[in-house]
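The lines below spell out each chain.
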Amino acid sequence: MSFLSNCWYVASWSSDIQDGFVALTILDEPILLYRDSRRVPHALSNRCPHRFAPLSMGYLKDDIVECAYHGLRFGPDGSCVFNPHDPVIAKNARIRTYPIMERDTLLWIWMGEPELAESTPVPDLSERFGSEKFRAVCGSMVMEANYQLIVDNLMDVSHGQFLHADALRFDGFFDASHNISQTAESVTSERRFPGVVGSSSLVKYLPNYTGLVDAWASATWHPAGMCLLDNGGTHVGSPETGGVRRCGVHLLTPETASTTRYFYAHVRNYGLDDVRLDEDSRAWHLSAFAGQDKPMIEAVQRMMGGRSFEEMRPVLVSSDGPAMRARRILRGMIAAEQAAGSSDASPQDS
Ligand code: FES
Ligand SMILES: [Fe+2]
């Protein structure tokens, strides 16, 4: 399985890395996360170069990682700083380090060429996570599915009419025009529903609801697995700013070809001080994400039986347009990255 390496991925919510080690798999690589005594986060390979023990089974002493198996010690720069067996430390006794950034309550990790990390900005989610306009309720889970299957799901809001019919179905969904646009590294799907009877999950939060709403549903994908949603509705003819708006954040970090660490946030523009509505958001995460999306996407993964999406030659419908464009862009980016990697390697190879 090929992944896009030169990309910022979410390693963790900031609050989930406190004292002690956290072991993760990202893009098939074992990662060790921890904070030093100044609370600075570090990401290192979790595989000791001696006998390949997970360093997460070891100890953190004075900001030095000690392997629990034979006692080699490593600094936060990945170098071996102590070998209790020999007076000289072997040159190859070092572990890989990964650039890591803390921003918007998230820890972002760079899995590609380190020098490219500095010139690539971390995605800016400050409006959704840090502004006074919104309140975010966050969560995460592991899905037993390839991350692109989850992108397919998020970029196709039509599945809400069936998989989440209990909360999201309304008449007129398929009558609306569907605008799809893209840039070199993004795809946006946008639908507008003027004068419809709103879904139950929308109208229950719209004050003085009288029967019809102007609703919208949009989703934007960014490589490799970031989907920013914007769904909502307002009284017919009223400005959107006065309506109910939900700007969901969905961040997908591939663990392996068939498992994904999924970070999500329900971000709302109403009831900003009402903590009871936080419970509604958590209930939505449980009922829709964990109870409906997760079992369906994992079942799809199992039905594919290890074959790729392209090998399966799926029937496509018009609602697949945004997801197919995202897949095409990502394929091109991965191919370009691999081509650049092999041309870098060729002078040494020859
Ligand atoms: S495996 Fe780590 S010191 Fe031996
Ligand atoms: Fe869904």
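Refer to the preceding data block for the structure.
Residues numbered from 1 in each chain as written. Chains lettered and ligands numbered in written order. Predicted model: local features only at pLDDT ≥ 70, side-chain atom pairs only at ≥ 80, totals over all residues. Heavy atoms only, no water.

This paragraph deals with the overall build of the protein chain. From N to C terminus, the protein chain includes eight helices and 19 strands. Its C-alpha radius of gyration of 23 Å places the protein chain within 12% of the 20 Å reference for a compact globule of 350 residues. Projecting the C-alpha coordinates of the protein chain onto the three principal axes gives extents of approximately 80 × 50 × 35 Å. Long-range pairs, those at least 24 residues apart, make up 56% of the contacts in the protein chain with a sequence separation of at least 6. Split by element, the accessible area of the protein chain, about 17200 Å² in all, is 53% carbon and sulfur. (Helix = DSSP H or I, 4+ residues; strand = E, 2+ residues; numbered from the N terminus. Rg over C-alpha atoms; globule rule 2.2 N^0.38 Å. Contact = heavy atoms within 4.5 Å. Areas by Shrake-Rupley, 256 points an atom, 1.4 Å probe, with all protein chains shown as cover.)

Between the first and last C-alpha of helix 6 (residues 275–304) there are 41 Å, a value that for 30 residues agrees with the 44 Å anticipated at 1.5 Å per step. In the structure, helix 6 departs most strongly from a straight axis at Asp-293, where the bend amounts to approximately 35° and where the proline Pro-295 lies between one and four residues downstream. The backbone nitrogen of Arg-276 has a side-chain oxygen 3.0 Å away, supplied by the residue at the start of helix 6, namely Asp-274. Of the residues trailing helix 6, Gly-305 is marked for its positive phi of about 55°. (Expected span 1.5 Å × (residues − 1). Bend = angle between axes of the 7 residues up to and from the residue. Polar contact = N/O pair within 3.5 Å; in protein donor to acceptor, adjacent residues only side chain to side chain.)

The protein atoms donating to the iron ion (ligand 2) are His-159 (NE2), His-164 (NE2), Asp-293 (OD) and Asp-293 (OD), with metal-donor distances spanning 2.1 to 2.4 Å. Here the iron ion (ligand 2) binds four donor atoms, and the angle range of 56 to 145° at the metal identifies the geometry as irregular. Counting gaps between the donor residues of the iron ion (ligand 2) yields the pattern H-x4-H-x128-D. Placement of His-159 in the loop between helix 3 (147–154) and helix 4 (165–168) and of Asp-293 in helix 6 is noted, with a sequence separation of 134 residues between them. Take Asp-293: its relative accessible area is 7%, and that puts it in the buried class. (Donors = N, O, S within 2.8 Å, 3.2 Å for Na, K, Ca; no water. Tetrahedral: all angles 85-135°; square planar, octahedral: opposite > 155°, others 65-115°. Buried < 20%, exposed > 50% of the residue type's maximum accessible area, 1.4 Å probe, protein only.)

The subject of this paragraph is helix 3. Helix 3 sits mainly inside the fold: eight of its eight residues count as buried. Taken residue by residue, helix 3 has Tyr-147, Gln-148, Leu-149, Ile-150, Val-151, Asp-152, Asn-153 and Leu-154 as its buried positions. Two or three places before Gln-148, at the start of helix 3, stands the capping residue Asn-146, its side-chain oxygen 2.7 Å from that residue's backbone nitrogen.

Here the focus is the environment of Ser-5. Structurally, Ser-5 can be placed in the segment before strand 1 (8–13). Given the relative accessible area of 24%, Ser-5 is considered partly exposed. Here the alpha-carbon distance between Ser-5 and Ala-224, two residues 219 residues apart in the chain, equals 9.1 Å. Not counting residues within four places of it along the chain, the set of residues in contact with Ser-5 comprises Leu-27, Met-111, Gly-112 and Glu-337.

Our focus in this paragraph is the nonpolar core. Core analysis: the largest hydrophobic core is formed by 49 residues, its most contacted members being Ile-31, Ile-109, Trp-221 and Tyr-262. No other element matches helix 8 (residues 321–349), which puts seven residues into this core. Within the second largest apolar cluster, 19 residues are counted, among which are Trp-8, Leu-106, Cys-247 and Ala-265. (Core = buried A, V, L, I, M, F, W, Y, C linked by side-chain atoms within 4.5 Å.)

So, on to the layout of surface pockets. Approximately 840 Å³ is the volume attributed to the largest pocket. Leu-168, Ser-201, Asn-231, Arg-246 and Trp-284 are, among the 44 residues lining the largest pocket, the residues nearest its centre. With eight residues, the top contributor of residues to the lining of the largest pocket is helix 6. Classifying every residue of the lining of the largest pocket gives 21 nonpolar, 17 polar and six charged. In this model, the second largest pocket occupies a volume close to 560 Å³. Taken together, 20 residues make up the lining of the second largest pocket; nearest its centre are Leu-149, Asp-152, Asn-153, Val-300 and Asp-320. Contributing elements (two or more residues each) for the lining of the second largest pocket: helix 3, helix 6, helix 7 (309–312) and helix 8. For the lining of the second largest pocket, the element with the most residues is helix 6, which contributes five residues. Its residues assigned to classes, the lining of the second largest pocket shows 15 nonpolar, two polar and three charged. (1 Å grid on protein atoms, 1.4 Å probe; cavity = no way out; pocket = protein on both sides within 12 Å on 5 of 7 lines; lining within 4 Å. Points joined across faces, edges and corners; volume = space filled by probe spheres on them. Nonpolar A, V, L, I, M, F, W, Y, C, P; charged D, E, K, R; others polar.)

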